[in-house]
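Spelled out from the first residue to the last, the chains are:
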Amino acid sequence: MLTAEDQSLIQQSWEKLKGKDDAGAEALERMFMTYPQTKTYFPHFDIQHGSEQVRNHGKKVVDALGKAIKNMGNLSQALAELSNLHAYNLRVDPVNFKLLAQCFQVVLAVHLGKDYKPEVHAAYDKLLSAVAAVLAEKYR
Ligand code: HEG
């Protein structure tokens, strides 16, 4: 459960985050390198460093997170379409959501530096867990 304090820490730091367009691609690149099994979902992608496809996909992921951040009170509704897509079409094993979340946290830590205080980290952990839960909730 995201408290009002968590939500405000997330909103403030999200505004401070520069280069959001690249943040998504960086998180994906980290995921592909650190957890190579995740590459199996992207056989149709060029996943080399600097790939335009990864950059574009990264932007989509970051936009979806931005939408989640605008709708923290009602994530299920805000991400309903994405949830259907991942469950029924893409069939991404939900364990992978945690892996991407972990890589995204590393990107936040690198980019926010000292602003990525433990309480900010904890707030994002809750947010990304909640997003992962919504993306996994149709798998039944
Ligand atoms: Mg998913 C498509 C968001 C985790 C594999 N993902 C998408 C799209 C978005 C998105 C916005 C584009 C949807 C569209 O075109 O309408 N993904 C998203 C979020 C998260 C996530 C927010 C978790 C935080 N995705 C995720 C993970 C995998 C994965 C962990 C696999 C390891 N996503 C995946 C694939 C596609 C999308 C294979 C289709 C890519 C394409 O063909 O363009």
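Note: the structure precedes this text.
What counts and what doesn't
Residues numbered from 1 in each chain as written. Predicted model: local features only at pLDDT ≥ 70, side-chain atom pairs only at ≥ 80, totals over all residues. Heavy atoms only, no water. Helix = DSSP H or I, 4+ residues; strand = E, 2+ residues; numbered from the N terminus. Expected span 1.5 Å × (residues − 1). Buried < 20%, exposed > 50% of the residue type's maximum accessible area, 1.4 Å probe, protein only. Contact = heavy atoms within 4.5 Å. Donors = N, O, S within 2.8 Å, 3.2 Å for Na, K, Ca; no water. Polar contact = N/O pair within 3.5 Å; in protein donor to acceptor, adjacent residues only side chain to side chain. Near = heavy atom within 4 Å. Nonpolar A, V, L, I, M, F, W, Y, C, P; charged D, E, K, R; others polar. Axes fitted to C-alpha atoms, helices over the stretch in contact; angles between N-to-C directions. Parallel < 35°, antiparallel > 145°, perpendicular 65-115°, else oblique. Left-handed = near helix turned anticlockwise from the far one by under 90°.

Chemist: Give a detailed account of helix 2 (residues 20–34), specifying residues and quantitative values.
Modeler: With 15 residues, helix 2 should reach 21 Å at 1.5 Å per residue; the first-to-last C-alpha distance of 21 Å fits that figure. The complete set of buried residues in helix 2 reads Ala 23, Gly 24, Ala 25, Ala 27, Leu 28, Met 31 and Phe 32. The elements touched by buried residues of helix 2 are helix 3 (52–70) and helix 6 (95–112).

Chemist: Kindly report on the coordination of the magnesium atom of the ligand, identifying the contributing residues and their values.
Modeler: On the protein, His 86 (NE2) is the one donor atom to the magnesium atom of the ligand, at 2.2 Å. Examined against the element boundaries, His 86 turns out to sit in helix 5 (residues 80–90).

Chemist: Just give me the short version of helix 3, but keep the residues and values in it.
Modeler: Structurally, the α-helix is built with 3.6 residues per turn, so residues lying three or four positions apart point the same way. Across its 19 residues, helix 3 extends 27 Å between first and last C-alpha, which sits within 8% of the 27 Å expected from 1.5 Å per residue. Looking only at helix 3, the buried set comprises Val 54, Gly 58, Val 62, Ala 64, Leu 65, Gly 66, Ala 68 and Ile 69. The opening residue of helix 3, the one whose side-chain oxygen lies 3.2 Å from the backbone nitrogen of Gln 53, is Ser 51.

Chemist: I'd like a rundown of the site of the ligand, residues and numbers included.
Modeler: With respect to spatial proximity, 19 residues lie near the ligand, and among them Tyr 41, His 44, His 57, His 86 and Asn 96 are the closest. Here a nitrogen atom of the ligand sits 3.1 Å away from a polar atom, N or O, in the side chain of His 86. Taken together, the residues of the shell around the ligand break down into 13 nonpolar, five polar and one charged.

Chemist: Give a description of the packing of helix 6 against helix 7 (residues 118–136) that names residues and reports values.
Modeler: Two numbers describe a pair of packed helices, the interaxial angle and the distance between the axes. The geometry of helix 6 relative to helix 7 is characterised by a closest axis approach of 10 Å and an angle of 150 degrees between their N-to-C directions. Our classification of the angle between helix 6 and helix 7 gives roughly antiparallel. As for how helix 6 packs across helix 7, the hand of that crossing is right-handed. The residues of helix 7 that touch helix 6, namely those facing Phe 97, Ala 101, Phe 104, Gln 105 and Leu 108, are His 121, Tyr 124, Asp 125, Leu 128, Ala 132, Leu 135 and Ala 136. Among the residues making up the contact of helix 6 with helix 7, the classes are represented as nine nonpolar, two polar and one charged.

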